[in-house]
Amino acid sequence: MGWNHLVGQSGNKKRSTGDVFRRLNLLPHARDVIEMSHTIQNKKKNYFVLEAVVNDIEKSEISVKKVRVIILEDRNKSLIFLSVMGKKI
């Protein structure tokens, strides 16, 4: 589920190559965000949104990004990674 959503293989809207590449580059930060988060930023039904500010290296330059990780809670109360997104701040 999370991998297909991340690379745009599911749903009607397919992701561009640039968007897939950008999200895959953020993937290493997703684990850090999940581990560092002690507070859920937003909870809607069975989705959790975790956010953190991270340093990212882009083209030999360090940039600061806000990384958001979306986690889905299934019927068994298991948490499943769904997506990661980020933006420069």
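Residues numbered from 1 in each chain as written. Predicted model: local features only at pLDDT ≥ 70, side-chain atom pairs only at ≥ 80, totals over all residues. Heavy atoms only, no water.

Asker: Any chance you could explain the pattern of salt bridges here in plain terms?
Answerer: Oppositely charged side chains can pair when the atoms bearing their charge come close. If you walk through the whole model with that rule in mind, you get 5 salt bridges. Linking Arg22 and Asp19 is a salt bridge whose minimum nitrogen-to-oxygen distance equals 2.4 Å. A residue pair is termed a helical-turn pair when its members lie 3 or 4 positions apart in one helix, as Arg22 and Asp19 do in helix α2 (residues 17-36) at 3 residues. Its relative accessible area of 32% is what places Arg22 among the partly exposed residues. Among the salt bridges present, the one from Lys66 reaches Glu51, with a minimum N-O distance of 3.9 Å. Highlighted residues: Lys66 in strand β3 (residues 61-73) and Glu51 in strand β2 (residues 47-58), separated in sequence by 15 residues. Exposure remark for Lys66: the relative accessible area of 30% places this residue in the partly exposed category. For Glu51, a relative accessible area of 18% gives the class buried. (Salt bridge = Lys/Arg side-chain N within 4 Å of Asp/Glu carboxyl O. Helix = DSSP H or I, 4+ residues; strand = E, 2+ residues; numbered from the N terminus. Buried < 20%, exposed > 50% of the residue type's maximum accessible area, 1.4 Å probe, protein only.)

Asker: Would you explain the nonpolar core in this entry?
Answerer: Note that soluble globular proteins tend to have their nonpolar side chains buried in a common cluster. Among the nonpolar cores identified, the biggest contains 11 residues, and these are Leu26, Ala30, Val33, Phe48, Leu50, Ala52, Val54, Val67, Val69, Ile71 and Val84. At the level of secondary structure, the elements contributing two or more residues to this core comprise α2, β2 and β3. Per-element tally for this core: the top contributor is β2, with 4 residues. Dropping the residues within four chain positions of it, Val67 is found in contact with Leu26, His29, Val33, Leu50, Glu51, Ala52, Val54, Val84, Met85 and Gly86. (Core = buried A, V, L, I, M, F, W, Y, C linked by side-chain atoms within 4.5 Å. Contact = heavy atoms within 4.5 Å.)

Asker: Could you clarify how one ought to interpret the environment of Val20 in this entry?
Answerer: Relative to the helices and strands, Val20 resides in helix α2. Overall, the relative accessible area of 15% leaves Val20 in the buried class.

Asker: Would you take a moment to explain the environment of Asp19 for this structure?
Answerer: Residue classification places Asp19 among the buried residues on the basis of a relative accessible area of 18%. For the pair Asp19 and Val7, spaced 12 residues apart in sequence, the C-alpha to C-alpha distance is 8.4 Å.

Asker: How should α2 be read in this particular structure?
Answerer: For an α-helix the count is 3.6 residues per turn, leaving residues at separations of three or four pointing the same way. Taking 1.5 Å per residue, 20 residues should reach 28 Å; α2 reaches 29 Å between its end C-alpha atoms and fits that length. Along its length, α2 reaches its greatest deviation from straightness, about 45°, at Pro28. Along α2, the positions that sit buried rather than exposed are Asp19, Val20, Arg23, Leu26, His29, Ala30 and Val33. (Expected span 1.5 Å × (residues − 1). Bend = angle between axes of the 7 residues up to and from the residue.)

Honestly, that's just the spatial picture; any functional story needs more than this.
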